[in-house]
Amino acid sequence: MKIATWNVNSIKARIDTVLTWFKQASPDVACLQEIKCETNAFPRLEFEALGYNCAVLGQKSYNGVALLSKHRIEDVREGLPGGAGDEQARYIEGVIATKSGALRVGSIYLPNGNPPDTDKFTYKLKWMERLIVHARELREYEEVLVLGGDYNVIPMAEDVHDAQAWSGDALFRLESRRHLRRMINLGLTDAFRACNSEPQQYSFWDYQAGAWQKNNGIRIDHLLLSPQAADRLQSCAIDKHVRAWEKPSDHVPVWCELDMAA
DNA sequence: ATGCCGGGCGAAGCCCGA
């Protein structure tokens, strides 16, 4: 069972690139972020033609998340609990029935939080607090669970080209990293780091200042696995080559393979 | 160097991202 996450930076602008990757990579389940369209404007037909079911939580202009699955998506939860008045479409979750039981998948678009001296950073930290509370609830289900998405947090200095330059940034601030560490401490596994100990492995390169050409990247797109999922983890990789395609997103797909055969 | 790209919106120029 191949499960992927990808911040596509507008599904409308990126549809050809995204479909090309889906045809090649053929993930069983995919978490998309920054679709930047309203729910009913999501290009469902294009994905259905490839055999996918779609669960979408969209929003006009900004944010927006989706779950795509070759199998039926059940028990869809739209939005992260605990956010009374939070209008930003940043979380969708669903359950996929497999031969070896339920697979629960969440698609996360965590707030950026910059600049850090504003309420944007406060919103980010509060959102992370809500995510921790929700992950703690999900832990009790003892299911195969994958929380995939654009976390907008650089876990460690080895996950950024220039840690010094990023030290004050909301993506690398200690408060953000501490909250991500709390997620891990709930018993979740960073799938990529469970499979790859090489430093300087990135999932995002800015469009500006030749960041891609200079390999000035950061690793902020993560797949966090429950113990039941981590036990089934076979591989995890970053599809870096996609960043060199025509009209790329600034993020690339990250995927893992779980053994759900039995 | 926060605004060098790139997208949304909407029809010029501003908001936003990481």
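Shown above is the structure to which this text applies.
On a predicted model such as this, the values are computed, not experimentally measured, just so you know.

About the thresholds
- Residues numbered from 1 in each chain as written.
- Chains lettered and ligands numbered in written order.
- Predicted model: local features only at pLDDT ≥ 70, side-chain atom pairs only at ≥ 80, totals over all residues.
- Heavy atoms only, no water.
- Helix = DSSP H or I, 4+ residues; strand = E, 2+ residues; numbered from the N terminus.
- Rg over C-alpha atoms; globule rule 2.2 N^0.38 Å.
- Areas by Shrake-Rupley, 256 points an atom, 1.4 Å probe, with all protein chains shown as cover.
- Lys, Arg positive; Asp, Glu negative; His and termini not counted.
- Charge placed at Lys NZ, Arg CZ, Asp CG, Glu CD.
- Buried < 20%, exposed > 50% of the residue type's maximum accessible area, 1.4 Å probe, protein only.
- Pairing = 2+ DSSP bridges.
- Expected span 1.5 Å × (residues − 1).
- Arc of directions from axis to C-beta.
- Contact = heavy atoms within 4.5 Å.
- Phe/Tyr/Trp six-rings, centres within 6.5 Å; stacked < 30°, edge-to-face > 60°.
- Lys NZ or Arg CZ within 6 Å of the ring centre and 35° of its normal.

1. Observations concerning the overall build of chain A
Helices and strands together make up the secondary structure of chain A, namely 7 helices and 14 strands. What you see for chain A is a C-alpha radius of gyration of 17 Å, in line with the 18 Å of a compact globule of 262 residues. Its C-alpha atoms put chain A at 45 × 40 × 40 Å along the principal axes. By element, 47% of the accessible surface of chain A is carried by carbon and sulfur atoms, the whole surface being about 11300 Å². A gap of 2 Å separates the mean positions of the 31 positive and 35 negative side-chain charges of chain A.

2. Remarks on unusual backbone geometry
Between Asn114 and Pro115 the backbone carries a cis peptide bond, its omega angle lying at -10 degrees. Tracing the sequence through the fold places Pro115 in the loop between strand S7 (101-109) and helix H3 (119-139). Phi is positive for Ser10, close to 85 degrees, though the residue is something other than glycine. Here Ser10 is to be found in the loop between strand S1 (2-7) and helix H1 (11-25). For Ser10, a relative accessible area of 13% translates into the label buried. Even without glycine at this site, Gln200 takes up a positive phi of about 60 degrees. Within the fold, Gln200 resides in the loop between helix H6 (191-195) and strand S10 (204-205).

3. Side note on the pairing of strand S4 (residues 65-69)
Working note: regular strand, side chains alternate between the two faces of the sheet. By the criterion of burial, S4 is predominantly enclosed, with 5 of the 5 residues buried. Residues Val65, Leu67 and Ser69 of S4 are buried on one face, and the alternating residues Ala66 and Leu68, pointing to the opposite face, are buried as well. Sheet topology places strand S2 (residues 29-33) next to S4; 5 bridges connect them, and they run antiparallel. Paired with Gln33 across the strands is Val65, a residue of S4. Bridge count for strand S3 (residues 53-57) against S4 is 5 bridges, and the pairing is antiparallel. Note on S4: the bridge partner recorded for Val56 is Ala66.

4. What to know about helix H5 (residues 174-185)
In this model H5 runs 16 Å from its N-terminal to its C-terminal C-alpha over 12 residues, within 8% of the 16 Å that 1.5 Å per residue would give. When H5 is considered as a whole, its buried residues turn out to be Ser176, His179, Leu180 and Met183. Projection of H5 onto a plane perpendicular to its axis shows the buried side chains occupying an angular sector of 100 degrees, all on one side. Packed against the buried residues of H5 are H3, strand S8 (144-150) and strand S12 (221-225).

5. So, the packing of aromatic side chains
Taken as a whole and judged by the stated rule, the model has 7 aromatic pairs. A centroid spacing of 5.2 Å and a plane angle of 90 degrees characterise the contact between Trp21 and Phe22, whose relative ring orientation is edge-to-face. Here Trp21 falls in the buried class, since its relative accessible area comes to 1%. For Phe22, a relative accessible area of 2% puts it in the buried group. When the centroid spacing of 5.2 Å and the interplanar angle of 90 degrees are considered together, the rings of Phe22 and Tyr52 count as edge-to-face. Taken as a pair, Phe22 in helix H1 and Tyr52 in the loop between helix H2 (44-48) and S3 lie far apart in primary sequence, 30 residues in all. Chaining the aromatic ring pairs together yields one cluster made of Trp6, Trp21, Phe22, Phe42, Phe47 and Tyr52. A cation sits over an aromatic face here: Lys2 above Trp255, 4.2 Å from the ring centre.

6. A few points about the environment of Pro116
For Pro116, the position within the fold is in the loop between S7 and H3. Sequence-wise, Pro116 and Asp169 are 53 residues apart; in three dimensions their C-alpha atoms are separated by 6.8 Å.

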